[in-house]
Amino acid sequence: MLAIQTSRQTSRRRSIIGIGAAAAVAMLTGCMLLAGPPRDLDYSRTRSSAGGLYRATIRPQSDSIPQGRLHSWTLHLETAAGVPVDSATVAVDGGMPQHGHGLPTKPRVTRTLGRGDHLVEGMKFNMGGWWVVKFRVRSAAGSDSLVFNLRV
Ligand SMILES: [Cu+2]
């Protein structure tokens with residue numbers, strides 16, 4: 001009986017050490033692995049800009065967003081009235097809101113593909129979870145920003 005109790009205490013102590021190590025790793029990587037994303041997040045791939053000037057659709061290379069691999073997106077941009085926007089300055093930003101870190105790369109629009117499509121190169125998500133990607137758009141239609149939620 002005494003032997004069983006001792007081994008139980010030892011295993012409990014071991015699991016506490018395990019949790020401590022996991023927390024230390026989480027702190028080192030700057031990530032709170034235990035917090036889940038808000039339940040009511042909108043993961044739509046087509047969204048309106050904050051000020052209502054634009055509507056945009058993101059099209060990652062494949063349907064699912066890869067983790068840890070550099071890839072490209074197509075960003076389709078149009079005005080609220082549905083007119084494709086080809087001539088625009090687009091800045092890309094993003095990160096993991098619950099981890100307090102940004103994107104591991106500096107993605108940018110490298111090419112206009114026509115009909116409102118723009119090639120976004122340098123996309124990379126180095127861990128699973130909730131990411132946001134923001135586009136700041138400036139064109140003849142005005143300046144506005146779009147935010148997309150992603151589940152990686
Ligand atoms: Cu993270």
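Residues numbered from 1 in each chain as written. Predicted model: local features only at pLDDT ≥ 70, side-chain atom pairs only at ≥ 80, totals over all residues. Heavy atoms only, no water.

In spatial order, the strands read β5-β4-β8-β9; together these four strands make up an open sheet with antiparallel pairing. In the strand order of this sheet, the two ends are held by β5 (101-102) and β9 (142-151), each with one partner. Where strand β4 (residues 88-96) and strand β8 (residues 130-139) come together, eight bridges link them in antiparallel fashion. Within the sheet, the bridge partner assigned to A88 lies in β8 and is S139. (Pairing = 2+ DSSP bridges. Helix = DSSP H or I, 4+ residues; strand = E, 2+ residues; numbered from the N terminus.)

Within the protein, the copper ion binds to M96 (SD), H99 (ND1), H101 (NE2) and M127 (SD); these donor distances fall in the range 1.9 to 2.5 Å. For the copper ion, the four donor atoms in the first shell make angles of 92 to 124 degrees at the metal, so the coordination geometry reads as tetrahedral. Of note, the donors binding the copper ion are all from one chain and are spaced M-x2-H-x1-H-x25-M. What makes M96 buried here is its relative accessible area of 3%. (Donors = N, O, S within 2.8 Å, 3.2 Å for Na, K, Ca; no water. Tetrahedral: all angles 85-135°; square planar, octahedral: opposite > 155°, others 65-115°. Buried < 20%, exposed > 50% of the residue type's maximum accessible area, 1.4 Å probe, protein only.)

What follows covers the nonpolar core. W73, F125, F135 and L150 are the most contacted members of the largest nonpolar core, which has 24 residues in total. Elements with a minimum of two residues in this core: β2 (54-60), β3 (71-79), β4, β7 (117-123), β8 and β9. Ranked by the residues each element gives to this core, the list is headed by β8, at four residues. (Core = buried A, V, L, I, M, F, W, Y, C linked by side-chain atoms within 4.5 Å.)

Sheet strands line up and pair through hydrogen bonds in the backbone, either parallel or antiparallel. Ordered in space as β1-β2-β3-β7-β6, the five strands form an open sheet in which the pairing is antiparallel. Only two strands of the sheet have a single neighbouring strand rather than two, namely β1 (46-48) and β6 (108-114). Shown here is a sheet whose adjacent strand axes are inclined to one another by a mean of 25 degrees, direction ignored. Relative to β7, β6 runs antiparallel, the two being bridged by five bridges. The residue bridging V109 from the neighbouring strand is V120, located in β7. (Axes fitted to C-alpha atoms, helices over the stretch in contact; angles between N-to-C directions.)

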